[in-house]
Amino acid sequence: MKKNPYGLFGLRRLLPQLRSYRTPLVLMLLTSALGSIVDIGVPLFQRYALNHFVALGTLDSFPLFLILYLAVILGSAGLNYISCIYGMKIEVGVDMDLRNAAFSHLQTLSFSYYNQNSVGYIHARVMSDTSRIGELCSWTLLNAVWQGCYLIGAILVMLLTNARLALPVIAILPVTALIFSLFQRRLTQVNREIREVNSRITGNFNEGITGARTIKSLVIEDRMEKDFTADTEDMRRKSIRAARLRGLFSSTMHFASSMALALVLWKGGYIAASQIGTFSMFMSYAQGMMEPVRWIVDAVGGLITTQVNIERLCTLLDTKPEVLDRPEVLERYGDTFHPKRENWETLIGDIEFQDVSFRYPDGEETVLEHFSLKIPFGTCLAIVGETGAGKSTLANLICRFYEPTDGRVLIDGRDARERSQLWLHSSIGYVLQAPQLFSGTIRENLLYGNPEATPEQIDRALELVSARDFVDRLEQGLDTDVGEGGDLLSTGEKQLLCFARAILCDPRILILDEATASVDTITEQKIQSAIDTVIRGITSVVIAHRLSTVRNADWILHMEDGRIVEQGTHEQLMAARGGYWRLYTRQYEDEITLDALG
Ligand SMILES: Nc1ncnc2c1ncn2[C@@H]1O[C@H](COP(=O)(O)OP(=O)(O)O)[C@@H](O)[C@H]1O
Ligand SMILES: [Mg+2]
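Residues numbered from 1 in each chain as written. Chains lettered and ligands numbered in written order. Predicted model: local features only at pLDDT ≥ 70, side-chain atom pairs only at ≥ 80, totals over all residues. Heavy atoms only, no water.

**Regarding the state of the cysteines**
Right, so step 1: One pass over the full model with this rule turns up 0 disulfides.
Right, so step 2: We note that C380 lacks a disulfide partner, and the nearest cysteine sulfur, in C399, lies 15 Å from it.
Right, so step 3: Overall, the relative accessible area of 8% leaves C380 in the buried class. (Disulfide = S-S within 2.5 Å. Buried < 20%, exposed > 50% of the residue type's maximum accessible area, 1.4 Å probe, protein only.)

**Here's the deal with the sheet that holds strand 3 (residues 380-385)**
Right, so step 1: The strand order across the open sheet formed by 6 strands is 6-7-8-3-9-10, and the pairing between neighbours is mixed. Of all the strands in the sheet, just strand 6 (428-431) and strand 10 (563-568) have a single pairing partner and so form its edges. Recorded for the sheet is a direction-independent mean angle of 15 degrees between the axes of neighbouring strands. (Pairing = 2+ DSSP bridges. Helix = DSSP H or I, 4+ residues; strand = E, 2+ residues; numbered from the N terminus. Axes fitted to C-alpha atoms, helices over the stretch in contact; angles between N-to-C directions.)

**Quick word on the sheet that holds strand 1 (residues 351-358)**
Sheet strands pair by backbone hydrogen bonding; their relative direction is either parallel or antiparallel.
Right, so step 1: The antiparallel open sheet is built from 4 strands, whose spatial order is 2-1-4-5. The open sheet terminates on both sides in strands that have one partner only, identified here as strand 2 (368-375) and strand 5 (414-415).
Right, so step 2: Bridging between strand 1 and strand 2 involves 5 bridges; their strand directions are antiparallel. Residue V356 lies in a different strand from strand 2, and its bridge partner there is F371.
Right, so step 3: Along the sheet, helix 12 (residues 391-398) makes contact with strand 1, strand 2 and strand 4 (406-411), crossing strand 1 at roughly 115 degrees. (Contact = heavy atoms within 4.5 Å.)

**Some points on the packing of aromatic side chains**
Right, so step 1: Within the structure shown, the criterion is met by 20 aromatic pairs.
Right, so step 2: Ring geometry for F53 versus F65: centroids 5.2 Å apart, planes at 80 degrees, classification edge-to-face. You can see F53 sitting in helix 2 (residues 22-56) and its partner F65 sitting in helix 3 (residues 62-108), a full 12 residues away along the chain. Residues F53 and F65 agree in their burial class; the two are buried.
Right, so step 3: What links up through ring pairs into an aromatic cluster is the set F45, Y48, F53, F62, F65 and Y69.
Right, so step 4: The ring of Y121 is capped by R125, whose NZ or CZ atom sits 4.4 Å from the centre of that ring. (Phe/Tyr/Trp six-rings, centres within 6.5 Å; stacked < 30°, edge-to-face > 60°. Lys NZ or Arg CZ within 6 Å of the ring centre and 35° of its normal.)

**With respect to the site of ligand 1**
Right, so step 1: Neighbouring residues of ligand 1: 14 residues in total, closest N115, G388, K391, S392 and T393.
Right, so step 2: E365 places a polar side-chain atom, nitrogen or oxygen, 3.4 Å from an oxygen atom of ligand 1.
Right, so step 3: G390 places a main-chain nitrogen or oxygen 3.0 Å from an oxygen atom of ligand 1.
Right, so step 4: Starting from 560 Å² of accessible surface for ligand 1 in isolation, the protein chains cover 70%.
Right, so step 5: Tallying contributions element by element places helix 12 first for the shell around ligand 1, with 3 residues.
Right, so step 6: Here the residues of the shell around ligand 1 sort into 4 nonpolar, 6 polar and 4 charged. (Near = heavy atom within 4 Å. Polar contact = N/O pair within 3.5 Å; in protein donor to acceptor, adjacent residues only side chain to side chain. Areas by Shrake-Rupley, 256 points an atom, 1.4 Å probe, with all protein chains shown as cover. Nonpolar A, V, L, I, M, F, W, Y, C, P; charged D, E, K, R; others polar.)

**Examining the domain arrangement of the protein chain**
Right, so step 1: Taken domain by domain, the protein chain comprises domain 1 (7-162 + 288-322), domain 2 (163-270), domain 3 (326-427 + 509-521 + 542-598) and domain 4 (435-506).
Right, so step 2: Taking only C-alpha atoms, the centre of domain 1 and the centre of domain 2 are 23 Å apart.
Right, so step 3: Across the contact, 15 residues belong to domain 1 and 21 residues belong to domain 2.
Right, so step 4: The interface formed by domain 1 and domain 2 contains 0 salt bridges.
Right, so step 5: Remark: the boundary between domain 1 and domain 2 carries 5 residue pairs in polar contact (both at pLDDT 80 or more).
Right, so step 6: When residues of the side of domain 1 that touches domain 2 are traced back to their parent elements, those giving at least two are helix 5 (119-161) and helix 10 (290-318).
Right, so step 7: Take the side of domain 1 that touches domain 2: its biggest share by element is 8 residues, from helix 10. (Domains from an automatic or database assignment. Salt bridge = Lys/Arg side-chain N within 4 Å of Asp/Glu carboxyl O.)

**Here we look at the pattern of salt bridges**
Right, so step 1: Tallied over the entire structure, the rule returns 22 salt bridges.
Right, so step 2: For R312, the salt bridge identified is with D129, shortest N-O distance 3.3 Å. Pair noted here: R312 is in helix 10 and D129 is in helix 5, with a separation of 183 residues, a long-range link.
Right, so step 3: Classification of R312 by relative accessible area gives partly exposed; the value is 29%.
Right, so step 4: The class of D129 is buried, set by a relative accessible area of 0%.
Right, so step 5: Where R468 meets D459, a salt bridge forms, and the shortest distance between an N and an O atom there is 2.4 Å.
Right, so step 6: D459 gets classed as partly exposed once you look at its relative accessible area, which sits at 33%.
Right, so step 7: It is possible to trace a salt-bridge network through shared partners that takes in R200, D231, E233, D234, R236, R237 and K238.

**A few points about a nonpolar patch on the surface**
Right, so step 1: A cluster of nonpolar side chains, L70, I73 and L74, forms an exposed patch at the surface whose accessible area comes to about 280 Å².
Right, so step 2: Within the fold, L70 resides in helix 3.
Right, so step 3: Classification of L70 by relative accessible area gives partly exposed; the value is 45%. (Patch = residues over 30% accessible without salt bridge, like charges linked within 9 Å, V, L, I, M, F, W, Y side chains within 5 Å.)

So this is what it looks like as structure tokens:
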């Protein structure tokens, strides 16, 4: 495990985020302390009633007693209510603020963060860690203060009324606290184990459903079923253990308060009959004191376990993006949330790699070594090569999703780091192999490309990628909901929309990374014809497996292991009869065979 710099009270790191809750926090603690102090008074009334009205058999001052008593119970209820309102406000507010902070910080993080951390991990940081912290700042704190005040107050009142009777009761408190904390530790552990099994079961269950087809085709239903049964059996055993532990815990709890009561009865034998009220008051306190002890032990346990959540959230909030704009760049170009577009130069589209070496932050090997390449403005550059040759890496570097380990990437003759990421990204269209849409309508998705696009521009973009037909065929046209991740559309349709979205931002540089690799031939043809139109007058980088897509490019790179092994136009490379020619003829023959078969 990595050592964490936040220590036990990592909460301090989060204080700036929580500053606006100072007033409600103080009010919550104040009302809860007051409510608890008022509550301590209730057994005092009981004592007075028994000692005075019952023992002496009079009813003088009874109306005053009644009024005071009512005032006390109403006051205690009112104060508790107010503190709960503040508690709730703090809980939801802290939740929201921390989630917003985490989410907006995630937007600034670079690609590499998402490579190194799974979606599940990030999701848990943003959702469950924040909610644990919110709970700690509100309910745990509120309860600890309420119960703490009650405990101290009750002890004081008991000591002041009858120290001899009070001491034995007080003496068993530490013992019960110890027993509780032992139980608590066991319970926390068992609960954690249950959570782990549970998430394993959910995961398997999800895979069982989403992968149903693969499971069937691999004929591994039997094994999946066995794994699943083993997990649920494990769950059953652990749940029973937890239930048994909880049962034992509450019996012990009961036993402890009965013990306290027994002590009072035993030691209280000598109290005179006229002191019957004191006796009864002690019984109330003795029984009522076990609950606060449990709560305080709980709160301490909560504070300890929430440390992990605090540390993890702090680690996320303190993760620095790998790619960071320099302060003077931010000063001039603005940041993601406050761009200063008035200072932005128009991007022309000259790209140059100058002696670039590159290794992924978590990678073992150097992917590019002393790599140099010029892509003049307006060129259509195609890159071909085996998987792992470094094609996508080149695209990542052009987009500045990563920065070179050595050397420079120049955009329009200037180091990309001299200008902001947003400036660059605003002029780049990027289409990947796996199309990515967001939940919402088709129109909303297209507007992500350019929020200011007019309906005419949207129409033209759809026209260009030949997506008009399929959108028109949908009942609600542009306002059709695409589902989570666009899953209500086919891959080909999604890809056409991604392409339209990329076109809408009117890019100066267009990058297509195997954009047609996972679509059918008809969609490929549509995209191909769109590419031919769109790339006129802009710089484009087309990474493709199918050579039919690259033969029209101005310049073709054939890469292997991060190096350029051949380059030239299609005709030149064919004439050279090298690797490109071999790739091309092989594919060409395959296509002809397929056609003949089809
Ligand atoms: N995010 C990453 N982290 C570490 N190594 C990576 C990452 N992406 C790619 N690589 C490595 O970089 C090399 C080039 O990969 P890539 O540029 O994706 O190749 P291509 O797109 O040509 O298939 C490969 O050896 C691959 O293992
Ligand atoms: Mg790739």
